[in-house]
Amino acid sequence: SYNAVTEGTGVGVLGDTKKLNTYYSSGTYYLYDTTKAMTGVIETRTAKNLSSLPGSYSVDPDDNFNATNQRADVDAHYYAGVVYDYYKNTFNRNSFDNKGATITSTVHYGRNYNNAFWNGSQMVYGDGDGTTFTSLSGSLDVVGHEITHAVTERTAGLEYQGQSGALNESISDTFAMFMDQKNFLIGEDVYTPKIAGDALRSLSNPTQYGQPENMSGYVNTTSDNGGVHTNSGIPNKAAYNTIQSIGYDAAQKIYYRALTVYLSPKSNFSAARAAMLASAADLYGTGSTQYNGVASAWTKVGVN
Ligand SMILES: CCCCC[C@H](S)C(=O)N[C@@H](Cc1ccccc1)C(=O)N[C@@H](C)C(=O)O
Ligand SMILES: [Ca+2]
Ligand SMILES: [Ca+2]
Ligand SMILES: [Zn+2]
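Asks: Honestly, the packing of aromatic side chains in this entry has me stumped. Any pointers?
Replies: Each aromatic ring pair is summarised here by two numbers: the centre-to-centre distance and the angle between the ring planes. Across all of its chains, the model carries 22 aromatic pairs by this definition. Note on Tyr-109 and Tyr-113: the rings are 5.2 Å apart at their centroids and 75° apart in plane angle, and the pair reads as edge-to-face. Note on Tyr-109: relative accessible area 17%, which makes it buried. Where Tyr-109 meets Phe-117, the ring centres are 5.5 Å apart and the plane angle is 80°; that geometry is what we call edge-to-face. We classify Phe-117 as partly exposed; its relative accessible area is 22%. Connected via pairs of aromatic rings, a cluster forms that spans Tyr-86, Tyr-87, Phe-91, Phe-175, Phe-178, Tyr-255 and Tyr-256. Stacked on the ring of Tyr-78, the Lys or Arg Lys-18 has its end atom at 4.9 Å from the ring centre. Between the NZ or CZ atom of Arg-45 and the centre of the ring of Tyr-57, over which it lies, the distance is 4.0 Å.

Take a look at the structure:
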């Protein structure tokens with residue numbers, strides 16, 4: 001038997017067929033992508049509905065990953081590649097650590113688990129309960145959100161609590177928007193599979209899904225690490241305002257520079273505004289259209 005880099009096919013969570021970068025070894029095909037300019041690889045595993053990580057490799061005998069119970073594996077693997085390519089092609093960032101670290105994803109975590117997370121070492125996706133969520137790896141929004149937590153952890157290190165935590169959450173939602181550029185909704189592809197037209201969050205209209213969109217609506221709470229998934233609506237709206245005024249490309253360059261140069265673990269919303277302005281000044285000059293667009297984007301959400 002021999003080893004080989006192979007190209008397989010798979011069917012994703014929404015029933016869509018896609019090409020996969022796979023690996024053949026000793027009669028088995030693996031969701032193991034060695035084609036990126038990394039030192040590591042992109043590898044996808046399954047927890048088989050238990051909760052021990054990282055679980056076992058997702059494998060197939062004929063390189064066609066088309067079984068129903070492989071759909072989450074297919075999308076976790078495919079979208080991880082899309083997110084890797086986004087950071088490499090847009091910012092020349094080589095994986096989340098900028099040193100080519102292996103990207104490990106585990107799907108089928110737990111039972112009816114309605115969430116996905118980065119655990120400090122890897123991504124973890126639940127299958128959802130089929131009512132609140134379907135398999136969460138089925139959306140680029142989710143995969144982009146989770147890998148961006150890893151980028152944030154290795155750069156600004158925003159503490160996952162209170163305003164810095166809500167900013168951390170917002171950075172993950174915002175880069176998911178930059179990667180997709182399809183709409184300003186978060187999670188619409190996997191949220192409430194029996195209900196069409198809704199989403200988990202909206203950057204253009206946070207209040208539609210119960211989030212504040214202005215500092216005046218900041219929620220002081222002890223739950224959810226100080227309401228990080230609620231108060232993220234405020235910087236999310238600022239990000240929407242920024243994209244609307246200066247476009248996706250300038251916005252993503254400003255956000256990436258802010259994340260990698262200016263933001264730090266305890267940065268709050270006001271520090272985020274300052275970081276974005278400093279980045280806009282560096283890239284486009286103070287008083288530039290971009291600079292002024294950023295300033296008004298944050299003023300409109302009550303952050304000065
Ligand atoms: C250990 C549980 C807490 C971790 C929360 C992770 S980082 C998170 O924010 N997950 C996203 C998943 C997601 C992302 C984009 C689109 C849809 C769903 C999230 O928003 N989780 C919600 C459901 C939450 O935890 O309230
Ligand atoms: Ca979306
Ligand atoms: Ca829905
Ligand atoms: Zn998150």
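Structure's up, so let's keep going.
Asks: How do you make sense of the coordination of the zinc ion (ligand 4) when you look at a structure like this?
Replies: Ideal geometry at a metal gives 109.5 degrees between four tetrahedral donors and either 90 or 180 degrees between six octahedral ones. Looking at the zinc ion (ligand 4), the protein donor atoms are His-145 (NE2), His-149 (NE2) and Glu-169 (OE), and they sit 1.9 to 2.1 Å from it. Mapped onto the polypeptide sequence, the residues donating to the zinc ion (ligand 4) form the spacing pattern H-x3-H-x19-E. Linking His-149 in helix H2 (residues 140-154) with Glu-169 in helix H3 (residues 162-180), this pair joins segments that are 20 residues apart in sequence. His-149 sits in the buried class, given a relative accessible area of 11%.

Asks: Whenever I open this one, the site of ligand 1 confuses me. Can you help?
Replies: In the neighbourhood of ligand 1, 15 residues make up the surrounding shell, with Asn-115, Ala-116, Glu-169, Arg-201 and His-229 lying closest. A distance of 3.2 Å separates an oxygen atom of ligand 1 from a polar atom in the side chain of His-145. Here an oxygen atom of ligand 1 and a side-chain polar atom of His-229 are 2.7 Å apart. Protein contacts shield 78% of the accessible area of ligand 1, which totals 600 Å² for the unbound molecule. Mapped onto the shell around ligand 1, the elements with two or more residues apiece are strand S10 (116-118) and H2.

Asks: Mind showing me how you'd approach the sheet that holds strand S8 (residues 64-65) here?
Replies: Within a sheet, adjacent strands bond to each other through the backbone by hydrogen bonds, running parallel or antiparallel. Strand order in the open sheet made by the five strands is S7-S3-S2-S1-S8, with mixed pairing throughout. The open sheet has two edge strands with one neighbour each: strand S7 (59-60) and S8. Pairing of strand S1 (residues 3-11) with strand S2 (residues 17-25), which is carried by nine bridges, proceeds in the antiparallel orientation. Of the residues in S2, the one forming a bridge with Val-5 is Tyr-23. Each of S1, S2 and S8 touches helix H1 (residues 71-91); the most contacted strand, S2, lies at about 90° to it.

Asks: Explanation requested: the side chain of Lys-18 in the structure shown.
Replies: In this structure, Lys-18 sits in strand S2. Lys-18 gets classed as buried once you look at its relative accessible area, which sits at 8%. In this structure the side chain of Lys-18 is engaged in a polar contact, spanning 2.7 Å, whose partner is the side chain of Asp-16. Apart from residues no more than four positions distant in its own chain, Lys-18 is found in contact with Gly-8, Thr-9, Gly-10, Gly-12, Val-74, Asp-75, Tyr-78 and Tyr-79.

Asks: Even after reading the chapter, I still don't get H2, so can you show me in this structure?
Replies: Three- or four-residue spacings in an α-helix give side chains the same orientation, since the helix completes a turn every 3.6 residues. In this model H2 runs 21 Å from its N-terminal to its C-terminal C-alpha over 15 residues, within 8% of the 21 Å that 1.5 Å per residue would give. When you tally the buried positions in H2, you get 13 out of 15 residues, the bulk of the element. Where H2 begins, one side-chain oxygen reaches toward the backbone nitrogen of Asp-141, 3.0 Å away; that side chain belongs to Ser-139.

Asks: So what exactly am I meant to see when it comes to the environment of Asn-115 here?
Replies: Assignment of secondary structure puts Asn-115 in the loop between strand S9 (103-107) and S10. Its relative accessible area of 40% is what places Asn-115 among the partly exposed residues. Spatially, the C-alpha atoms of Asn-115 and Asp-127 are 8.1 Å apart, while their sequence positions differ by twelve residues. Among residues more than four places away in sequence, those in contact with Asn-115 are Tyr-125, Gly-126 and Leu-136.

Asks: Would you mind going over the nonpolar core with me for this structure?
Replies: Side chains of nonpolar character tend, in soluble globular proteins, to be buried together. Of all hydrophobic cores here, the largest spans 69 residues; its most connected members are Tyr-87, Ile-103, Tyr-125, Phe-175 and Trp-298. Those residues in contact with Ile-103 that lie beyond four places of it in its chain are Met-38, Val-41, Ile-42, Glu-43, Ala-80, Tyr-84, Ser-95, Phe-96, Met-123 and Ile-147. Among the nonpolar cores identified, the runner-up in size contains seven residues, and Leu-20, Tyr-24, Leu-31 and Val-74 belong to it.

Asks: Just to check I follow, could you spell out the layout of surface pockets for this structure?
Replies: If you roll a probe as big as a water molecule over the atoms, it shows you where there is empty space left. In this structure, the largest pocket spans a volume of roughly 520 Å³. As for the largest pocket, its lining consists of 29 residues, and the residues nearest its centre are Ala-116, His-145, Glu-146, Glu-169 and His-229. Only S10, H2, H3 and helix H4 (224-231) provide two or more residues apiece to the lining of the largest pocket. With six residues, H2 is the single largest residue contributor to the lining of the largest pocket. Its residues placed into classes, the lining of the largest pocket shows twelve nonpolar, twelve polar and five charged.

Calculation rules
Residues numbered from 1 in each chain as written. Chains lettered and ligands numbered in written order. Predicted model: local features only at pLDDT ≥ 70, side-chain atom pairs only at ≥ 80, totals over all residues. Heavy atoms only, no water. Phe/Tyr/Trp six-rings, centres within 6.5 Å; stacked < 30°, edge-to-face > 60°. Buried < 20%, exposed > 50% of the residue type's maximum accessible area, 1.4 Å probe, protein only. Lys NZ or Arg CZ within 6 Å of the ring centre and 35° of its normal. Donors = N, O, S within 2.8 Å, 3.2 Å for Na, K, Ca; no water. Helix = DSSP H or I, 4+ residues; strand = E, 2+ residues; numbered from the N terminus. Near = heavy atom within 4 Å. Polar contact = N/O pair within 3.5 Å; in protein donor to acceptor, adjacent residues only side chain to side chain. Areas by Shrake-Rupley, 256 points an atom, 1.4 Å probe, with all protein chains shown as cover. Pairing = 2+ DSSP bridges. Contact = heavy atoms within 4.5 Å. Axes fitted to C-alpha atoms, helices over the stretch in contact; angles between N-to-C directions. Expected span 1.5 Å × (residues − 1). Core = buried A, V, L, I, M, F, W, Y, C linked by side-chain atoms within 4.5 Å. 1 Å grid on protein atoms, 1.4 Å probe; cavity = no way out; pocket = protein on both sides within 12 Å on 5 of 7 lines; lining within 4 Å. Points joined across faces, edges and corners; volume = space filled by probe spheres on them. Nonpolar A, V, L, I, M, F, W, Y, C, P; charged D, E, K, R; others polar.

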